[in-house]
Amino acid sequence: MNTLDRFLKYVSMDTQSDETTELTPSTPGQMKLAHVLADELKEMGMQEISISNYGYVMATLPATNEELAKTKPVVGFIAHMDTSPDFSGRNVKPRIVEKYNGGDIILNKDLNIILKPEESPELNSFIGQDIIVTDGTTLLGADDKAGIAEIMGAMQYLIDHPDVQHGKIRICFTPDEEIGQGADNFDVPAFGADYAYTMDGGDLGELEFETFNAAAAKIIFHGRNVHPGSAKRKMKNSMRLASTFISMIPRYDTPEHTEGYEGFYHLTGFNGTVEKTTLSYIIRDFDRPRFESRKREIQHFVDKINSEYGEGTAEIELHDQYYNMREKIEPVMYIVEQAKKAMENCGITPKIQPVRGGTDGSRLSFMGLPTPNIFAGGINFHGKFEFLPVQNMMKAQEVIVEICKIC
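Note that the coordinates shown come from a computational prediction; the quantities given were computed from them, not determined experimentally.

## Quick look at the pairing of strand S8 (residues 169-174)
Thought 1: Counting buried positions over the six residues of S8 gives six, a clear majority of the element.
Thought 2: Burial of the side chains of S8 extends over both faces: Ile169, Ile171 and Phe173 are buried on one face and Arg170, Cys172 and Thr174 on the other.
Thought 3: Two elements, strand S2 (residues 57-61) and S8, share five bridges in a ladder whose sense is antiparallel. From the neighbouring strand, Thr60 faces S8, where its bridge partner is Arg170.
Thought 4: Of the pairings in the sheet, the one linking strand S3 (residues 75-80) to S8 comprises six bridges and is parallel in character. Looking across to S8, one finds that His80 is bridged to Thr174.

The following block contains the structure:
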């Protein structure tokens, strides 16, 4: 089975994660994919294959010879099995647009869903290439099933080409990355790698070792419901209180107004009645002191609500999610340089940039496994306009092989 066929097979499986189940994996489709991958790994000749109770799939490709096993570091490659809960991943129907000739791509004629270069200018970079798209009713799942297919393809290549010299290689496929739980039950000692790379980035050449510092906040507003006909000086509408709180957040300190190294507050949920309203926020910043300042600021806004409307009107649940992995990568920057060299050897211009998000590598780096992030090749993740240039996927596979050769 070639890498493209693997990818098309994996995206046909529904593996959306779901943070409400309180299970790991959070959805049964992820464990189903885990067993499919384990079977494929066994068929191709990988060793030390395991599936944990939490759905983590690990396997080993031994070093080419004993000398390399003793002298080479153990390098790992990681990708996640789940797809985003932001958009449906059920009954994905991928289609290959062969030798894309530019212009609009009609994803779904009946629903008038069209992938347009004016809205996705990245398309202009792939004229003449083969592009995998959706039918407009689901996401594609290149995040991160492209990463899985690339790792599997690279391992198959190394097995089929025993003349390629390399040290011991470990791979892992994780559950629930999209809901921030991908590293929760990752057994770093059992993985046994000196360092690793997640294949979870976007476009060709992306190489990342900086992520946001991240926190999540839930703010609960308590109101008092009274018949509106006799509510004067009695009613306390929790939804109006929540709206007042939202207006306190700096207008331009939100995702739609920020880029590069700029942080933000992002309202991700609003669920309310007169009696009770809950807001969900994520807080992001690359700079650790500014990150801590943002958390203090959102607490200050809660305190202001309570000061004006009475103690206990608003309460906050605030917890950190992950930190900027740059802190842990900088002491071992040679692993970034190796990835950069591997890309250059494959004719790719590296694009070293911060991740305006997080990866499993964010937390794994703080768990003792330094883990930069490498492109998987997809674009427009988490929505119906997601697409994957086939050549991007094959280049990512080449980069994995090249890293194994030069490490």
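There is more to say, and it comes next.
## Some words on empty space enclosed by the protein
Thought 1: Per the counting criterion, the structure on display carries one cavity of 30 Å³ or more.
Thought 2: Computed from the structure, the largest cavity encloses a volume of approximately 30 Å³.
Thought 3: Considering the residues around the largest cavity, the lining is formed by Lys72, Pro73, Val75, Gly167, Lys168, Cys404 and Cys407.
Thought 4: By residue class, the composition of the lining of the largest cavity is four nonpolar, one polar and two charged.

## Side note on the packing of aromatic side chains
Thought 1: Enumeration over the complete set of coordinates arrives at 13 aromatic pairs.
Thought 2: Seen in terms of ring centroids, Phe221 and Phe245 are 5.7 Å apart; in terms of plane orientation they differ by 65°. Their pairing is edge-to-face. Pair noted here: Phe221 is in strand S11 (residues 213-222) and Phe245 is in helix H6 (residues 238-248), with a separation of 24 residues, a long-range link.
Thought 3: Since its relative accessible area comes to 0%, Phe221 is described here as buried.
Thought 4: Look at Phe245 and you get buried, because its relative accessible area is 0%.
Thought 5: Ring geometry for Phe245 against Tyr281: centres 6.0 Å apart, planes inclined by 65°, an arrangement best described as edge-to-face. Here Tyr281 lies in strand S13 (residues 276-285) and Phe245 lies in helix H6, a separation of 36 residues in the sequence. We note that Phe245, like Tyr281, is buried.
Thought 6: Every member of this aromatic cluster is reached through a ring pair, and the members are Phe77, Tyr195, Tyr197 and Tyr334.
Thought 7: Its guanidinium or amino end placed over the ring of Tyr323, Arg288 lies 4.0 Å from that ring's centre, counting from NZ or CZ.
Thought 8: Over the ring of Tyr265 we find Arg294; its NZ or CZ atom is 5.1 Å from the centre of that ring.

What counts as what
Residues numbered from 1 in each chain as written. Predicted model: local features only at pLDDT ≥ 70, side-chain atom pairs only at ≥ 80, totals over all residues. Heavy atoms only, no water. Buried < 20%, exposed > 50% of the residue type's maximum accessible area, 1.4 Å probe, protein only. Helix = DSSP H or I, 4+ residues; strand = E, 2+ residues; numbered from the N terminus. Pairing = 2+ DSSP bridges. 1 Å grid on protein atoms, 1.4 Å probe; cavity = no way out; pocket = protein on both sides within 12 Å on 5 of 7 lines; lining within 4 Å. Points joined across faces, edges and corners; volume = space filled by probe spheres on them. Nonpolar A, V, L, I, M, F, W, Y, C, P; charged D, E, K, R; others polar. Phe/Tyr/Trp six-rings, centres within 6.5 Å; stacked < 30°, edge-to-face > 60°. Lys NZ or Arg CZ within 6 Å of the ring centre and 35° of its normal.

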